Amino acid sequence: MSGAIGLAGMATLRSGAGSVTLAVPDVCLQTVAAFEPSYMTAPLACDEGGRIGHAAEAEIFRLAAVADCVACGPGLSRAPQLTELVARMYEALPQPLVLDADGLNALAALGEACPAAAAPRILTPHPGEFRRLSGEPDSRVPWEDVCRRAVVLAARRGWVLVLKGHRTLVTDGQRVTVNTSGNPGMATGGSGDVLTGIITALVCQGLTPFDAAHLGVYLHGLAGDLAADQLGQVSLIARDLVDYLPQAFQSLRAEIHRAAGAGP
């Protein structure tokens, strides 16, 4: 799923990261590189199915050593060696790590065997992914109860959790925010990959993991609102969110200036 990592990379660039490297299976490197010339790509050894293989671990950690923040999950796929890789990254990387999509599924597969983390971890599950992470199989649990469980789980695991939904919840187990931006048109493939890139870029610029998640969710929704105003919700696609990120940052800056000018 090369488009997923491409969207995440483009969103990271558009959200202010000065240098972005996408480490991808060597069989799809040319495809990923063709999406956007402004990020760098690094080839990784892969298995017979085109997924990242065991032999790639050392290269991943070498590349990560110079990064301010690492993200994992968009386009990753599922395989036993990927579950092991995510577990080692989760446990050992000294930088903040943003986990989404199959990165979350790999972590969920570990269950209570999930190791302690060396640094902050930001997880961005949708409700289905959260159920797998929390071990709750019942999809009929009311949203309010799901949110309460998210706060408890974040506190127990030391995570910053971004529980994506109609009103996305962000919590570190102590603080809780509910996002007000965004619209139904954003419920489209790749939207979560864009959010991963935004949060990663904000961490790279020095925001705390909780603040990066909080602001990233708002900017993601704001970009979606600006795009929907021009394109309509029905036609909205994830690439539109990337394209409207500059306007979202400009709009936020204007809001901050207006608020500062309205004070005594």
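Since this is a predicted model, take the numbers as computed values, not measurements.

Thresholds, definitions, all that
Residues numbered from 1 in each chain as written. Predicted model: local features only at pLDDT ≥ 70, side-chain atom pairs only at ≥ 80, totals over all residues. Heavy atoms only, no water. Core = buried A, V, L, I, M, F, W, Y, C linked by side-chain atoms within 4.5 Å. Buried < 20%, exposed > 50% of the residue type's maximum accessible area, 1.4 Å probe, protein only. Helix = DSSP H or I, 4+ residues; strand = E, 2+ residues; numbered from the N terminus. Contact = heavy atoms within 4.5 Å. Salt bridge = Lys/Arg side-chain N within 4 Å of Asp/Glu carboxyl O.

Caption draft 1: Structural context of the nonpolar core. Ranked by internal contacts, the top residues of the largest apolar core, which has 45 residues, are Ile122, Val162, Val194 and Ile199. Going through the elements one at a time, helix H1 (2-14), strand S1 (21-25), helix H2 (29-35), strand S6 (159-163), helix H8 (191-204), helix H9 (209-231), helix H10 (238-243) and helix H11 (245-261) are the ones with two or more residues in this core. Discounting chain neighbours no more than four positions away, the residues touching Val194 are Leu7, Ala11, His220, Ala238, Leu241 and Val242. Membership of the second largest hydrophobic core comes to 35 residues, among which are Cys72, Leu85, Leu123 and Leu163.

Caption draft 2: Geometry of the pattern of salt bridges. Taken as a whole and assessed by the stated rule, the structure comprises ten salt bridges. We note a salt bridge from Glu57 to Arg88, for which the minimum N-O separation is 2.6 Å. Highlighted residues: Glu57 in helix H3 (residues 57-64) and Arg88 in helix H4 (residues 80-92), separated in sequence by 31 residues. Relative accessible area serves as the criterion here: at 30%, Arg88 is assigned to the partly exposed category. Here Arg239 makes a salt bridge to Asp243, at a shortest N to O gap of 3.3 Å. Pair noted here: Arg239 and Asp243 are both in helix H10, with a separation of four residues, about one helical turn. Since its relative accessible area comes to 38%, Asp243 is described here as partly exposed.

By themselves, these are just geometric observations and shouldn't be taken as functional.
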